Amino acid sequence: MSLLVVGSIALDSVETPFGVTEDALGGSAVYFGVAACLLHPLQVVGVVGADYPFERLERLARRGIDLSGVVRAEGESFRWKGRYSFDLQNRETLETHLGVFADFEPDIPEAFRDARFVFLGNIDPTLQLRVLDQIHEPTLVACDTMNFWIDGSRDVLLDLLKRVDLLMINDAEARQLSGDWNIYRAARWILERGPRYVVIKQGEYGAVLVDDTDVFYVPAYPLEEIFDPTGAGDAFAGGFMGYLARTGEVSPDNLRRAMVFGSAMGSFAVEAFSVNRFQEIDGTDVAERVHRFGELVRFEITADIEHVGR
Ligand code: AMP
């Protein structure tokens, strides 16, 4: 089933305790794409400036990413600059330069409008809405956002929430959006505003999927080395949506498996700078990591547990 992502295509300059990058491939659509394409072909909609190293994107595209919806506009590419704290827990945005994204009018190619699985990556919610207006009959629409838009475009974001099936954000964003420090109450607050599902990502503490009746938790993969947390959330989304598109089914069990694929892809993203780790792995590595997740959380409930406390 067809999978479409719209999001930022960026040049990232990132500083972590382990090194720096300058003008590296990044952006929500790029991280999403490199993860999702390991599971299912996808179509990307976005814009780059004349200065974007497009041949590097094309190299990635050989894995099944259709770039025909990426516009090459006059002007400068979207650039983002961030710095992480020593423990990689906090990130400070040093610069957000919208460049060609400031005047971007997404025009979804006719061939993409039948997409069944749609991910509205982190960009201006006004643009996310315009994309949604052009899609005919999606099976599942998920979206992401961040503090920049929660602060600056709150009303549009709330309009968008009425029209999406799933919101995928991190814990700090869920707190900021809902005004509640408790992530489960924050999830409830979000569910009351439209989406049927909420995924709240908690970095190294994993992620939760919440709907009206259930909560499902997936841990983060236990890694001893983390180089650059940038893009983990988008890679998570790529794994999650890639798995749903591959299987074509939005059942409760499948959503749970999609969470594990998401967490597996997030763990690959942080193992190297930029999208570099994704250039080294294939489906076998993904499957192996997903199996390890099974081991990580597997335990038997034995009969004697019933006697505890008696
Ligand atoms: P994540 O670490 O998953 O939150 O995603 C980081 C990516 O988001 C980076 O590659 C940035 O280029 C991109 N990004 C940062 N700020 C924005 C923004 N305001 N709009 C769209 N994309 C952004």
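Here is a short report on the structure shown in this document. (Residues numbered from 1 in each chain as written. Predicted model: local features only at pLDDT ≥ 70, side-chain atom pairs only at ≥ 80, totals over all residues. Heavy atoms only, no water.)

Let's talk about the packing of helix α3 (residues 125–133) against helix α5 (residues 154–161)
Axes are the key here: two packed helices are described by the angle between their axes and the distance separating the axes.
Alright, step 1. Contact geometry of α3 with α5 gives a least axis separation of 9 Å together with a crossing angle of 30 degrees. Classified by the interaxial angle, the pair formed by α3 and α5 is roughly parallel. Like other packed secondary-structure pairs, α3 and α5 cross with a definite hand, here left-handed. For the pair α3 and α5, the contacting residues are Pro125, Thr126, Gln128, Leu129 and Leu132 in the first and Val156, Leu157, Asp159 and Leu160 in the second.
Alright, step 2. In terms of residue class, the contact of α3 with α5 is built from six nonpolar, two polar and one charged. (Axes fitted to C-alpha atoms, helices over the stretch in contact; angles between N-to-C directions. Helix = DSSP H or I, 4+ residues; strand = E, 2+ residues; numbered from the N terminus. Parallel < 35°, antiparallel > 145°, perpendicular 65-115°, else oblique. Left-handed = near helix turned anticlockwise from the far one by under 90°. Contact = heavy atoms within 4.5 Å. Nonpolar A, V, L, I, M, F, W, Y, C, P; charged D, E, K, R; others polar.)

A short note on the site of the ligand
Alright, step 1. Near the ligand, the surroundings consist of 19 residues, among which Asp12, Gly27, Arg91, Asn122 and Gly231 are the closest.
Alright, step 2. Asparagine 122 is positioned with one of its backbone polar atoms (N or O) 3.3 Å from a nitrogen atom of the ligand.
Alright, step 3. Taking glycine 233, its main chain carries an N or O atom lying 3.2 Å from an oxygen atom of the ligand.
Alright, step 4. For the ligand, the protein covers 93% of the area, taking 510 Å² as the surface of the free molecule.
Alright, step 5. Among the elements of the structure, β2 (10–16), β6 (78–84), β7 (91–97), α4 (147–152) and α8 (232–247) are those that each provide at least two residues to the shell around the ligand.
Alright, step 6. The biggest single contributor to the shell around the ligand is α8, with three residues.
Alright, step 7. Each residue belonging to the shell around the ligand can be placed in one class, and the counts come to eight nonpolar, eight polar and three charged. (Near = heavy atom within 4 Å. Polar contact = N/O pair within 3.5 Å; in protein donor to acceptor, adjacent residues only side chain to side chain. Areas by Shrake-Rupley, 256 points an atom, 1.4 Å probe, with all protein chains shown as cover.)

Structural notes on unusual backbone geometry
Alright, step 1. Non-glycine residue aspartate 23 carries a positive phi angle of around 50 degrees.
Alright, step 2. Tracing the backbone shows aspartate 23 in strand β3 (residues 19–26).
Alright, step 3. When its relative accessible area of 29% is taken as the criterion, aspartate 23 is described as partly exposed.
Alright, step 4. The residue serine 274 is not glycine, and still its phi comes out positive at about 50 degrees. (Buried < 20%, exposed > 50% of the residue type's maximum accessible area, 1.4 Å probe, protein only.)

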